[in-house]
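Listed below, chain by chain, are the residues.
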Amino acid sequence: MTASLRSYDQLFIGGRWRKPSSPERLSVISPHTEEQIADVPAGSTEDVDAAVTAARHAFDQGPWPRLQPQERMRKIEELAGVYGRHIDEMADLITAQMGSPRSFSRLGQAAGAASMIHLTLAAARDFPWVERRRGVLGEAHLRRAPVGVVGAIVPWNVPQCLIMPKLIPALIAGCSVVIKPAPETPLDALWLAEMIEQLELPEGVVSVVTGGPAAGEALVRHSGVDKVAFTGSSATGRRIAALCGEQLKRVSLELGGKSAAIVLDDADIGKTVAGLKTAGLMNNGQACVAQTRILVSRQRHDDLVDALADMMSSLSVGDPTDDKTDIGPLVAQRQQRRVQDYIRSGQQQGARLVTGGADAPEPRGWYVRPTLFTDATNDMRIAREEIFGPVLTVLTYADEDDAVRIANDSDYGLAGSVWTADTAHGLDIAARVRTGTYGINMYMLDISTPFGGFKHSGIGREFGPEGLEEYVELQSVACNGKLPPLNPVEEAAK
């Protein structure tokens, strides 16, 4: 099996390839050439209904949720083996669809997704699927049951890394899953479906329905879905949460960010800027965790701005398939225009443009220059709203208390970092900033630890045992009499 930019004529519904109900198609456009590279079915509400119906039957009547976790994990181990043989090809497929530089696609996209499979399996081996606890009425039997049918809706920026922390824990828990990928990046999800097909899972356990917003809304609204897992914008997350609330449907949301990197006076400027190259500009700046507000004191301001400007102006912008490229194109023309509008907004509101600008650096492709602002205030749009492009804004603080205040003065609370020679002091700063993840002298996701946000950055956590908890319901069983000992399988699952 090899990855290709071939088009698909069918949808993966209930573990089988089926003809879509509508002739409508989604075009997959290269953000580098602006040319169509493939097309796939635009799944309709009827296709979503077929997928959910199959998932519902698989959960209510099929064997999958009734297997022991260890049996389900063996199937996931098979998937890990299949997936691991195609990491470079999956990376290239993602680059072709959304413009991530090849260097990032390999490590931060495909290899990261493969690692998530293995790490979720490791967490599942130690997960307390059943346990006994002393209660007021005597010994209680606690069981973690699968939450049911899961609708997983993912965006385009790191598509495989956002499917895996939903699909894999849900499957291990015993759920059935319907995946709705972003319309910009459907090919990697459909290729994953081909890999899943090799596992010979029970019918109905996994579906992949490509489509636009209407398909996503149909999945969220469907009464046969027990839980929605969504990654994307905070605006869409609010709507999904409202729709799920109407049905008291379980929901987990990983949403936007506007993260602050606090540079303390004792930080090494060279090492800080080298770290911010990745922490602020990873994936062409299309990362919800990007450190895009850079906070520095007046004393260190000029040194930091000069070093950031030198770094950003030296970045290689161009063909994402070139190993030397640092910044590739943005995913779509609308995204390019959106980021250019933010750059113009920063200038209009009085921020000083240090390097970059709104003019496109390439005659073809949806590119944006790496752009640095300073002399900005935290009430400007470029400091408050998620830009999702290669744009950094430097803000000046008076003292550490002011730095923490500025960092917390945001609707978001997803990520953040502090840069200092004193890591113990960095830990103190971290405790004062209201974010779900934080870095000291770095920012990178540790995909073995829980990830999620405070405030408008979401609800729930992914990765580790906390990620598994999102896909189970806790059942407590009391007994009028002595409970029998756990059987060997249950002991192994404790």
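Bear in mind the structure is a predicted one, so any value in this text is a computation, not a measurement.

1. Here's the deal with the overall build of the protein chain
- Within the protein chain, the secondary structure is distributed over 16 helices and 22 strands.
- In summary, the protein chain has a C-alpha radius of gyration of 23 Å against a globular reference of 23 Å for 494 residues, a match within 12%.
- Reported as C-alpha extents along the three principal axes, the dimensions of the protein chain are approximately 70 × 60 × 40 Å.
- Here the protein chain holds 494 residues, and 58% of them are scored as buried.

2. Some details on the UniProt feature "domain: Aldehyde dehydrogenase" (unreviewed entry) in the protein chain
- Under the UniProt annotation, the feature "domain: Aldehyde dehydrogenase" (unreviewed entry) is placed at residues 17-477.
- Spanning residues 17-477, this segment combines 41% helix with 21% strand, and its end C-alpha atoms are found 41 Å apart.

3. What to know about the sheet that holds strand 13 (residues 291-297)
- Strand order in the open sheet formed by seven strands is 14-15-16-13-12-18-19, and the pairing between neighbours is mixed. Each end of this open sheet is capped by a strand with a single partner; those strands are strand 14 (352-355) and strand 19 (439-440).
- Of the pairings in the sheet, the one linking strand 15 (residues 371-374) to strand 16 (residues 391-397) comprises three bridges and is parallel in character. Looking at strand 16, one finds that Leu372 is bridged to Leu392.
- On top of the sheet, helix 9 (residues 269-281) reaches strand 12 (259-263), strand 13, strand 16 and strand 18 (416-419); it is set at about 155° to strand 13, its chief contact.
- Together, strand 12, strand 13 and strand 16 form the strand contacts of helix 13 (residues 400-408), whose direction differs from that of strand 16 by roughly 140°.

4. A closer look at the pairing of strand 7 (residues 149-153)
- For strand 7, the buried fraction is high: five of the five residues fall into the buried class.
- Going residue by residue along strand 7, you find Val149, Gly151 and Ile153 tucked away on one face and Val150 and Ala152 tucked away on the opposite face as well.
- For strand 7 and strand 8 (residues 176-180), the ladder comprises five bridges, and the chain directions are parallel. Its bridge partner being in strand 8, Ala152 is matched across the sheet by Ile179.
- The pairing of strand 7 with strand 10 (residues 227-231) spans four bridges and is classified as parallel. Across the sheet, Ala152 pairs through a bridge with Ala229, a residue of strand 10.

Parameters and conventions
- Residue positions are given per chain, counting from 1 as you read along its sequence in written order.
- Local features are withheld for residues below a pLDDT of 70 in this predicted model, meaning they are given only at 70 or higher, and side-chain atom pairs are given and counted only at 80 or more; totals for whole chains, interfaces and linings count all residues.
- Only hydrogens and water are removed before side-chain values are computed, so all heavy atoms of the structure are retained for them.
- A run of DSSP states H or I qualifies as a helix once it reaches four residues; a run of E qualifies as a strand once it reaches two. Both are numbered from the N-terminal end.
- The size measure is the radius of gyration over C-alpha atoms, and the globule rule it meets is 2.2 Å times the number of residues to the 0.38 power.
- Using a 1.4 Å probe on the protein chains alone, a residue whose accessible area is under 20% of its type maximum counts as buried, one over 50% counts as exposed, and one in between counts as partly exposed.
- UniProt positions are given in the numbering used here, feature names are shortened, and annotations may be inferred rather than shown by experiment.
- We call two strands paired when DSSP finds no fewer than two bridges between them.
- The contact criterion used throughout is that any non-hydrogen atoms of two residues lie within 4.5 Å.
- Think of each axis as a best-fit line through the C-alpha atoms, taken over the contacting stretch in the case of a helix, with angles from 0 to 180 degrees between the N-to-C directions.

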